[in-house]
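# Descriptive structure summary
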Amino acid sequence: MTIGKIVTSEKVKEIDKNGKFVRQHNHFTAPFGDQAGMLPVEAGRYRLLWAAVCPWAHRSIIAIKLLGLENVISIGKASPVRTKQGWEFSLDPNGVDPVLGIRYLPEIYAKTDPDYSGRATVPTVVDVKTGKVVNNDYFNLTYYWETVFKPFHKADAPDLYPEHLRADIEELNQTLFHELNNGVYKAGFAQSQQAYEDAYNLVFNRLDELEKRLSHSRYLFGDHITDSDIRLYVTLARFDVAYYSVFNTNRNRLVDFPHLWAYSRRLYQIPAFGSTTDFQAIKQGYYLGDHAKNPYDILPLGPDVSIWYTSNNR
Ligand SMILES: N[C@@H](CCC(=O)N[C@@H](CS)C(=O)NCC(=O)O)C(=O)O
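Residues numbered from 1 in each chain as written. Predicted model: local features only at pLDDT ≥ 70, side-chain atom pairs only at ≥ 80, totals over all residues. Heavy atoms only, no water.

### Some points on the pattern of salt bridges
The line we're drawing: Each salt bridge in this description consists of a side-chain nitrogen of Lys or Arg and a carboxyl oxygen of Asp or Glu lying within 4 Å of one another.
In the structure shown here, the tally under the stated rule is nine salt bridges. Each of E42, R45 and D127 takes part in salt bridges that share partners, so that together they form one network.

Right under this line is the structure:
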């Protein structure tokens, strides 16, 4: 099925000659800011489209909630399972996003750029004034919410990207991206044994290193949450309910790492994290839908996620 030039129902195409998954580049990367060519920083102008299953989108939602930007950037939510037609707004009345009037996400990409032939992905930021996609640069989005949108933060908002730590946060975020956030996808989408094993080792070597780091530090950079914690959390929250089995990253579960597990619970018990973490939607998103290798659409009953509420002593 195609909408414009967007192919919406094919298996992952981003595979190199060694069977390794190589993620597509983002297409809409104009930065937000006050200089020429930048997207103007305005309240009420943008709509962020997300889906609860998606870690790349989830990180933006957590940042927005922590910073109190919910009334500045409006939020539209697609249903957890991506359909053959792409992300669908079936949670909304009549199955249509109430602000943008679209039923499927690819519609707005096609309207923005009829020549766009990549995947129509969440997160997507739409300029409500023009009805066009302006940014799908998931890697940098949280930085914009944390920096140029600062004039709109709530009074007691945390500084998630403090100036004196920016270089270190950026460096760690690159590592987290390659080895964990995208590392699990590299394992899950690998089309050769070697590519899978390389990704598996990348993931668990990094988890071992982070387990040590969190044995003597409450968060990744000390006592305060930063942007890096959000990025690590979104992958950890999906680990036992999805990646462990769907992506075969099964050396250990999250709950087998005492420090990472307590750290994850501590974050989950903060409303911006916990209230946006929908384990059922995450399971549905990874197990069902057209890209899952699950012909009978069996949704596993476990694991028990009530343990995320147990005390964390951190
Ligand atoms: N924009 C990035 C990351 C965002 C992303 O992959 N989002 C997923 C959901 S977690 C998506 O929307 N996929 C739509 C598709 O594959 O058609 C990319 O293109 O790789």
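### Considering the nonpolar core
Defined as follows: Among buried residues, the Ala, Val, Leu, Ile, Met, Phe, Trp, Tyr and Cys ones that are joined through side-chain atoms within 4.5 Å form a nonpolar core. Summary of the burial criterion: residues with accessible area below 20% of their type's maximum are buried, those above 50% are exposed, and those between are partly exposed, where the area comes from a 1.4 Å probe applied to protein chains only. Every residue pair with non-hydrogen atoms within 4.5 Å of one another is taken to be in contact.
W145 and L232 are the most contacted members of the largest nonpolar core, which has 95 residues in total. Aside from chain neighbours lying at most four places away, what touches L232 is L176, L180, L210, L214, L220, L260 and Y263.

### Re the sheet that holds strand β6 (residues 132-135)
What counts is decided by this rule: Following DSSP output, two strands are said to pair if at least two bridges run between them. A helix here means a DSSP run of H or I that spans at least four residues, while a strand means a run of E at least two residues long, and both kinds are numbered starting from the N terminus. A fitted line through C-alpha atoms represents every axis, and for helices the fit uses only the stretch in contact; the resulting angles, taken between N-to-C directions, go from 0 to 180 degrees.
Taken in spatial order, the four strands make up an open sheet running β4-β3-β5-β6, and their pairing is mixed. The sheet is open, and its two edges are formed by β4 (73-78) and β6, each paired on a single side. Each strand axis lies, on average, 35 degrees off the axis of its neighbour in the sheet, ignoring direction. Examined bridge by bridge, strand β5 (residues 124-127) and β6 share three bridges and lie antiparallel to one another. Bridging from a neighbouring strand, V125 pairs with N135 of β6. Relative to the sheet, helix α2 (residues 105-112) contacts β3 (46-51), β5 and β6, its axis offset from that of β6 by approximately 90 degrees.

### Quick look at unusual backbone geometry
Negative phi values dominate among residues other than glycine, just as trans dominates among peptide bonds. Looking along the chain, the bond that leaves V122 and enters P123 is cis, with omega of 0 degrees. At N94, a position not held by glycine, the phi torsion is positive, near 60 degrees. Topologically, N94 is positioned in the loop between β4 and α2. For N94, a relative accessible area of 70% puts it in the exposed group.

### Comments concerning the domain arrangement of the protein
Applicable threshold: Domain start and stop positions are those given by an automatic or database domain assignment. Reported buried area values correspond to the accessible surface (1.4 Å probe) lost by two parts on association, with both partners' losses combined. Whenever a nitrogen or oxygen atom comes within 3.5 Å of another N or O atom, the pair is scored as a polar contact, on the condition that within protein one atom can donate a hydrogen and the other can accept it, and that pairs from neighbouring residues in sequence are kept only if both atoms are in side chains.
With domains assigned, the protein is organised as domain 1 (2-152) and domain 2 (163-276 + 296-309). A straight line from the C-alpha centre of domain 1 to that of domain 2 covers 23 Å. Taken together, the contact between domain 1 and domain 2 spans 26 residues of the former and 26 residues of the latter. Carbon and sulfur atoms make up 62% of the surface buried where domain 1 meets domain 2, a total of about 2300 Å² over both sides. Taken together, the connections running from domain 1 to domain 2 amount to zero salt bridges. The tally of links between domain 1 and domain 2 comes to 12 residue pairs in polar contact (both at pLDDT 80 or more). Secondary structure elements with two or more residues in the side of domain 1 that touches domain 2: α1 (55-67) and α3 (138-146).

### Thoughts on the packing of helix α6 (residues 193-213) against helix α8 (residues 258-268)
To be explicit about the condition: Each angle is binned into one of four classes, with values under 35 degrees roughly parallel, values over 145 roughly antiparallel, values of 65 to 115 roughly perpendicular, and all other values oblique. Amino acids are sorted into nonpolar (Ala, Val, Leu, Ile, Met, Phe, Trp, Tyr, Cys and Pro), charged (Asp, Glu, Lys and Arg) and polar (every other residue, Gly among them).
Their axes nearest at 8 Å, the elements α6 and α8 cross at an angle of 75 degrees. Here α6 lies roughly perpendicular to α8, going by the angle between them. Along the contact surface, α6 presents L207, L210 and E211, while α8 presents P258, H259 and L260. Classifying every residue of the contact of α6 with α8 gives four nonpolar, one polar and one charged.

### Topic: the side chain of T226
By the element assignment, T226 lies in the loop between α6 and α7 (227-246). Here T226 falls in the buried class, since its relative accessible area comes to 1%. Apart from the residues lying within four places of it in its own chain, the contact partners of T226 are L160, P162, L165, I169 and F221.

### Topic: the packing of α7 against α8
It is at 10 Å that the axes of α7 and α8 come closest, and there the two elements cross at 105 degrees. The pairing of α7 with α8 is recorded here as roughly perpendicular in orientation. Here D229, L232, Y233 and L236 of α7 lie close against α8, whose contacting residues are L260, Y263, S264, L267 and Y268. Of the residues that constitute the contact of α7 with α8, the class distribution is seven nonpolar, one polar and one charged.

### Let's talk about the side chain of T142
The residue T142 is located in helix α3 in this model. With residues up to four places along the chain from it excluded, the contact list for T142 reads R59, S60, A63, D227 and R231.

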